[in-house]
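Structural features, examined
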Amino acid sequence: MDILTGLAAWPGAMLIRQSGTAYLLVNAAHILGIGLLVGAILPLDLRLLGFFRAVPLAVIAAFLTRAAAFGLALALSTGFWLFTVKPDEYLANEAFLWKLGLLAFAIANIGLQHAGGYRRALANGTVTGAMRFRAAVSATLWLATLLAGRWIGFL
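Values in this document were obtained by computation on a predicted structure and should not be read as measured data. Going along each chain's sequence as written, the residues are numbered from 1 onward. A pLDDT threshold of at least 70 governs which residues receive local features in this predicted model, and a stricter bar of 80 or more applies before side-chain atom pairs are shown or counted, although totals over entire chains, interfaces and linings include all residues. Values shown for side chains rest on all heavy atoms present in the structure; no hydrogens or waters enter the calculation.

**So, the packing of helix α3 (residues 20-48) against helix α8 (residues 129-151)**
Stated formally: Angles here are taken between N-to-C directions and fall from 0 to 180 degrees, while the axes themselves are lines fitted to C-alpha atoms, restricted in helices to the stretch in contact. Here a helix means four or more residues in a row that DSSP labels H or I, a strand means two or more in a row labelled E, and each is numbered from the N terminus. Roughly parallel means an angle under 35 degrees; roughly antiparallel means over 145; roughly perpendicular covers 65 to 115; every other angle is labelled oblique. Should the near helix be turned anticlockwise from the far one by less than a right angle, the crossing is termed left-handed; should it be turned clockwise, right-handed. Contact definition: two residues touch when any of their heavy atoms are within 4.5 Å. Here the term charged refers only to Asp, Glu, Lys and Arg, the term nonpolar to Ala, Val, Leu, Ile, Met, Phe, Trp, Tyr, Cys and Pro, and the term polar to all other amino acids, Gly among them.
Contact pair α3 / α8: the axes reach a minimum separation of 9 Å and the direction vectors enclose 150°. Considering their axes alone, α3 and α8 lie roughly antiparallel with respect to each other. Handedness of the crossing formed by α3 with α8: left-handed. Of the residues in α8, those touching α3 at I34, L37, I41, L42, D45 and L48 are M131, R132, A135, S138, A139, W142, L143 and L146. Its residues placed into classes, the contact of α3 with α8 shows 11 nonpolar, one polar and two charged.

Structure, rendered in structure tokens:
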């Protein structure tokens with residue numbers, strides 16, 4: 001049995017294939033995760049880019065970072081669960097492949113931002129040019145990932 005067949009046979013995949021209510025709840029949780037993620041990342045990225053300067057970065061950054069991390073964890077786990085329903089079809093969907101690629105770049109960008117002295121800079125209120133650049137990349141990648149995710153249903 002190959003990996004995709006095994007994923008499709010997983011009891012969680014079978015549950016949401018057989019129960020409209022279970023599918024609805026997992027899908028709603030996925031949307032909630034995306035909402036938390038994008039709803040936290042975009043204001044933080046905009047603040048890093050220089051918008052809303054009256055809002056202290058040190059005050060909002062910790063909260064928004066945690067909210068985005070929770071949203072990402074929820075979106076990834078429920079997204080993987082939804083993927084297991086029809087893994088062959090999703091892997092044949094160009095929009096899904098774009099979404100995965102954009103998602104990988106967006107997550108890598110988070111790693112770069114945090115590796116680049118992000119917390120230390122936030123603690124003393126300093127935003128570097130590199131942080132601004134990564135914030136612009138972040139906003140672009142997350143919005144593109146969101147669009148690619150919506151595109152999946154249209155192919």
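**Some thoughts on the nonpolar core**
The line we're drawing: What makes a nonpolar core is a set of buried Ala, Val, Leu, Ile, Met, Phe, Trp, Tyr and Cys residues whose side-chain atoms join them at distances within 4.5 Å. Working definition: with a 1.4 Å probe on protein chains only, accessible area under 20% of the residue-type maximum means buried, over 50% means exposed, and in between means partly exposed.
Of all hydrophobic cores here, the largest spans 24 residues; its most connected members are L44, L48, L57, Y118, L122, M131 and W142. Contributions of two or more residues to this core are made by α3, α4 (57-83), α6 (94-115), α7 (118-123) and α8. The element that contributes the greatest number of residues to this core is α4, accounting for seven residues. Excluding anything up to four places from it in sequence, L48 contacts L57, Q113, Y118, L122, V127, M131, R132 and A135.

**Let's talk about the packing of aromatic side chains**
Our working rule: Stacked, tilted and edge-to-face are the three classes applied to pairs of Phe, Tyr and Trp rings, where Trp contributes its six-membered ring and a pair requires centres within 6.5 Å; stacked means planes under 30 degrees apart, edge-to-face means over 60, and tilted covers the rest.
Applying the stated criterion across every chain yields a total of six aromatic pairs. When the ring of F80 is compared with that of F83, the centres are 6.2 Å apart and the planes differ by 35°; the resulting orientation is tilted. A residue pair is termed a helical-turn pair when its members lie 3 or 4 positions apart in one helix, as F80 and F83 do in helix α4 at three residues. An aromatic cluster of three or more residues is present, and its members are F80, F83, Y90 and F96.

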